[in-house]
Amino acid sequence: RTRTCTDGTLCQCGRLQELHKSNATDDSFQTAALTRWDSRQHSSEYPTDAFGELEFSGSGRRHFPFLRLSCDTPPEVIYNLMTKVWGLPSPNLVVSLVGGEAHEMIKPWVRDILRKGLVRASQSTGAWILTGGLRDGVSRCVGEAVRDHGAAAKALSQKKVIGIGVAPWGLVHNRKQLVNPKGSFPAHYYVQNSLEDSKCLDSNCQAFLLVDDGRVDHRGGETAFLANLEDYISHQRSGNIEIPVLCMLISGDASTLERLDRSLKTNTPWLVLDGSGPAADFISDLVNTLPVAGHSPASLTAAAEASEGLSSEFRDRVCEHVRKHFPDEAALKNLVDYALSIYRNKDLITVFQGEQESPDDFDTVLLKALVKGSKHVSSKASEYVDELNLAVAWNRVDIAKAELFNGSIQWTYKDLEDSMTDALINNKPQFVRLFCENGLNILDYLTYGRLENLYRSLSDSSLAYALLKKRLNERLELDLSLYEVRRTRSTFFQTSCSTHYILFDSLGNKIISGCEYRDMQCPLPWAALFIWAILQNRREMAIYFWEMALESVLSALGGCKILRELSKLEHETESKQAMKKLAQKFENLANDVFAECYQSSESRSFTLLIKKSPVWGGATCLQMAIVADARHFFSHDGVQTLLSQIWWGDMQRSTKVWKLVLTFFLPPLIYTGLISFRSGLWLCSAVTSTRFHSFTLFLPDSMPPSYNCQFIVLRWKQFWYAPVTSFLGNVLMYFLFLCLFAYVLLVDFQPPYPDGPSCLELVLYFWVFTLVCEEIRQSFSVNIWNKCDLTAIALFLLAVCCRMFPLSYQFGRSIMAVDYMVFTLRLIHIFAVHKQLGPKIIIVGKMVKDVFFFLFFLAVWLTAYGVANQALLFAYDPRPNWIFRRVFYRPFLHIFGQIPIDELDADKLRQMECTYNSTEIKAGAEPCLSIYANWLVVVLLVIFLLFTNIVLVNLLIAMFSYTFSKVQENSDIYWKFQRYNLIVEYHYRPCVAPPFIIFSHIQIFIKRKIRRVASVKSQHFGETLLKTWETIQKENLLSAQSKQQRENIILTYIFIPQPKSLKLDFYGPQLA
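For the protein, an unreviewed UniProt entry supplies the name Transient receptor potential cation channel, subfamily M, member 4a and the organism Nothobranchius furzeri. UniProt, in its Subcellular location (unreviewed entry) section for the protein, records the words "Membrane".

Here it is, written out as structure tokens:
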């Protein structure tokens, strides 16, 4: 086992010969002429005596696992130890650094590559970096980079960068501090600042493997173990991918060629940093420069194997390069053999021109090197799945397009299925687009089961997960299903909508009953994924799915609605703002697509607005826009044109109001030319072949009687069925109702039964009854004006009940007086139709909200001043009614200048009978004012008036001014938005106003409930689908936007001044 060197004292293992045991020197090794140390023959194995946890002095109480192991230890044992015992997370990538050892100077650009490229790429992927583990060369530089990135990154990211030091045991300084046969927990390790500092362990590594081959003060004992470990890890899986392993050569010496050749034979890819040192420069020349001088690489390789003459020539050239890069090496033949073997596997080698390429692109180079290694193994698509998954994990779609989807690989659905799921869950929209363009059929991919799994993958911290979890807890189930998704979505629209999730009557029952439905294909996958992305507030993903889905305008408005509802529930400010911005984005998309449709065809665009969608629960674009608060969408000219046509019915929009009022009171004027009616097939359904322009009261004699009757009925319906006519009639009759109400209340309000009520009061009762019938027909809608109607009706019924009895007569009359105010305030609703007065309604409503905030501050000051004032003026006054008046009522009057000086100022007190006796005060006597500290009362009054009359009142004025200016700036948008509800209300409202509306109610009841006749007016808001035409217009819009974006980029580049030192040659190749 030992051998005497020239000095007769040292063994080849590095120790003194006298330190060896006798059984190692008294055998055949004593006289053997050894040429090279062999650990398996010349050493013996014993149980390890150095393991446990390591604590570096001066680095806090952080402990790092370490192990002394034999160089031929099975790699599977070590890998299981690191992942299962030490708790290191399984890597997504392993980068093994080779070279750059001892005191070799590291070039500045190499440091930048390691710090900005390698460590950052490792941090984004969860990689293991295998280094030398000592405080020298590349290992020290990488350790410092890992430390700096860990300090600057978030706590979650720190666990992703794992630096593992694999060092030769015999080279570690102060290794005796680690020896303990029972294990060290921890072992205290001291790092000395001396010449031996480079041989100390690096405290920036997270774990240490100390490989012992029996030698001391020698490097290279860990080479064979590292190669075996790398090969073993490359066959393990992390998640759904095999762990990729990449060796990275930095500088290096002649001995590195053996290490490189050993790994290449196991198909391990290598990345070589050209210009970093001798070995790296030699490999770069061998791969790039050598084939150029003569033949192509393929021909040279084949010739080197087939022809001895050409092989000799090529070998001589390789030999020259070896002498050039390693002039001091004696074993030239071995180096040439290694070089030729390396050349045969050069497809596994990627050369990185470090001085020419940026460190920011290093992660791209890493992935290209791994893909290059896979291509060396096989050209089948299945062999590239791991590299594809790694590209998805790094989110490098540019590399995937250039290397994996360049047409040379035929991808199938099965190859892309798992990667598609990974891209969806981890929010990689560009990869989703790439997969769908390269062989993945979304109809085959998205089943109900996979859709459920996508919802189950939601982050626990997301708002959508919390909403789904709440619905799941209500059903007392363990696993999330689409039933919870359905119920969650229904909360946003106050209805169970979406047939593409649950097919609601059939599939919904299957979910509840536990039937197998998960293998069924989702009929509308893009819409389903669009909702899934919207619930997670994923901007790019949602936009892409919207681009692919049908019903673009309605889908965009639906996404806008969901996002605005989610923003109301979100508590985090950043997420709330992101939801609002994305909601505005979808509103703009809906507006742009509809604008494109409106320019293409006005009639089709109108149908698009009023068609019902089964996907969105039978909603129309107008209905979705109103619940989504899409004001900008409503302000579009096309939407307003449709609303105006619905408002005016079959009459011309240019009809003057005075003509309308005059015709309302003189109906025969309908058949004159006073009012013009529009012509068109969808308007004149009774007469399909004739267009009407203007008619006089006397029809031509040539027309048949049946035609005359048809025309008379048609004109009558066209005028009275128009919403504007219905609105005018309701306004006029409502004024008459208020006049009747006021007359009864002021003049004809008779005593209780049997003396009353009067005939006019009974007419008033009947009139209110017709209003109740109309509210029932509207099914008690929940908008603010219907709430006002319900309040007024409820107060009226209460007043009627009370006024019938003598005891509650006055109370009933008082309630009816208040109720008259509520009915009168209902008149504000008619201002919505006016372009100037309509926005003022919104201003008043928002100012009411401002008043509540003002009253809150005012109440604080009223309470503070009122209690202090009462306590200073009256020493004792237990009367509750007077306490309330003096604490709240009087201070409130002080604001308006009603200040009783004779009660506040001691010099002006008036003479009055009072007492200080508490017993008399309890009996009802007036308490006397306290004059003690009367000056403080005056001071508090001044402060109170100063703050309330100046500060708070001006604050209220400022709030009013801000509200007015904010609404006034967008008054046109607000008016166009709010008139929709008014138009829809009178579109469906019977043409006859109360109280005669009772006849229309009877007719409607007979037609709908008895004869089962559908409403004709409802057909205006539900037409056939125009999906293909709408999709074409959307594609035109997206194409135009993409073209405009490219032009803007070109113009921006052209007009940006370039530095004088930068020379751009755009036309050189063409001119040459």
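A. Spotlight on the overall build of the protein. Helix and strand counts for the protein stand at 46 helices and 12 strands. A total of 1072 residues make up the protein; the buried ones form 49% of that total. Counted over contacts in the protein with a minimum sequence separation of 6, partners at least 24 positions apart contribute 71%.

B. Fine view of the pairing of strand β3 (residues 93-98). Along β3, 6 of the 6 residues are buried, which leaves the element largely enclosed by surrounding structure. Here β3 pairs with strand β10 (residues 245-249) via 5 bridges, running parallel. Residue pairing in the sheet places Val98 in a bridge with Leu249 of β10.

C. Quick look at helix α31 (residues 637-648). Here α31 spans 16 Å end to end across 12 residues, near enough to the 16 Å set by a 1.5 Å rise per residue. Every buried residue of α31 is accounted for by Gly638, Val639, Gln640, Thr641, Leu642, Leu643, Ser644, Gln645, Ile646, Trp647 and Trp648. Backbone geometry just downstream of α31 places Gly649 in the positive-phi region, at approximately 65°.

D. Spatial organisation of the state of the cysteines. Following the criterion strictly, the structure yields 1 disulfide and no others. Paired by a disulfide, Cys914 and Cys928 hold their sulfur atoms 1.9 Å apart. Its S-S torsion of approximately 100° makes the covalent link between Cys914 and Cys928 right-handed. Taken together, the residues span a long stretch of sequence, with Cys914 in the loop between α40 (901-904) and α41 (918-923) and Cys928 in the loop between α41 and α42 (934-969) at a distance of 14 residues.

E. View of the UniProt feature "transmembrane region" (unreviewed entry) in the protein. Mapped onto this numbering, the UniProt entry annotates "transmembrane region" (unreviewed entry) at residues 657-674, 720-746, 788-809, 853-876 and 935-957. Secondary structure across residues 657-674 divides into 50% helix and 0% strand, with the first and last C-alpha atoms of the span separated by 12 Å. Between the first and last C-alpha atoms of residues 720-746 the distance is 35 Å; the span itself is 93% helix and 0% strand.

F. Representation of the sheet that holds strand β2 (residues 64-70). Taking strand neighbours across the sheet as the criterion, the 10 strands line up as β6-β1-β2-β7-β5-β4-β3-β10-β11-β12 in an open arrangement whose pairing is mixed. Looking at which strands have only one partner, the edges of the open sheet turn out to be β6 (184-189) and β12 (349-353). Averaged over all adjacent pairs, the angle separating strand axes in this sheet is 25°, with direction ignored.

G. How the structure looks around the pattern of salt bridges. By the definition in use, this model includes 27 salt bridges. For the salt bridge of Asp49 with Arg68, the shortest nitrogen-to-oxygen distance reads 2.8 Å. Taken together, the residues span a long stretch of sequence, with Asp49 in the loop between α2 (39-42) and β1 (51-56) and Arg68 in strand β2 at a distance of 19 residues. The closest approach of N and O atoms between Arg826 and Asp789, which form a salt bridge, is 2.5 Å. Of this pair, Arg826 sits in the loop between α37 (809-825) and α38 (838-873) while Asp789 sits in helix α36 (residues 784-803), and the two are 37 residues apart along the sequence. In this pair, the class of Arg826 matches that of Asp789, namely buried. Each of Asp877, Arg879, Arg886 and Glu926 takes part in salt bridges that share partners, so that together they form one network.

About the cut-offs
- Residues numbered from 1 in each chain as written.
- Predicted model: local features only at pLDDT ≥ 70, side-chain atom pairs only at ≥ 80, totals over all residues.
- Heavy atoms only, no water.
- UniProt positions renumbered as here; feature names shortened; annotations may be inferred.
- Helix = DSSP H or I, 4+ residues; strand = E, 2+ residues; numbered from the N terminus.
- Buried < 20%, exposed > 50% of the residue type's maximum accessible area, 1.4 Å probe, protein only.
- Contact = heavy atoms within 4.5 Å.
- Pairing = 2+ DSSP bridges.
- Expected span 1.5 Å × (residues − 1).
- Disulfide = S-S within 2.5 Å.
- Axes fitted to C-alpha atoms, helices over the stretch in contact; angles between N-to-C directions.
- Salt bridge = Lys/Arg side-chain N within 4 Å of Asp/Glu carboxyl O.

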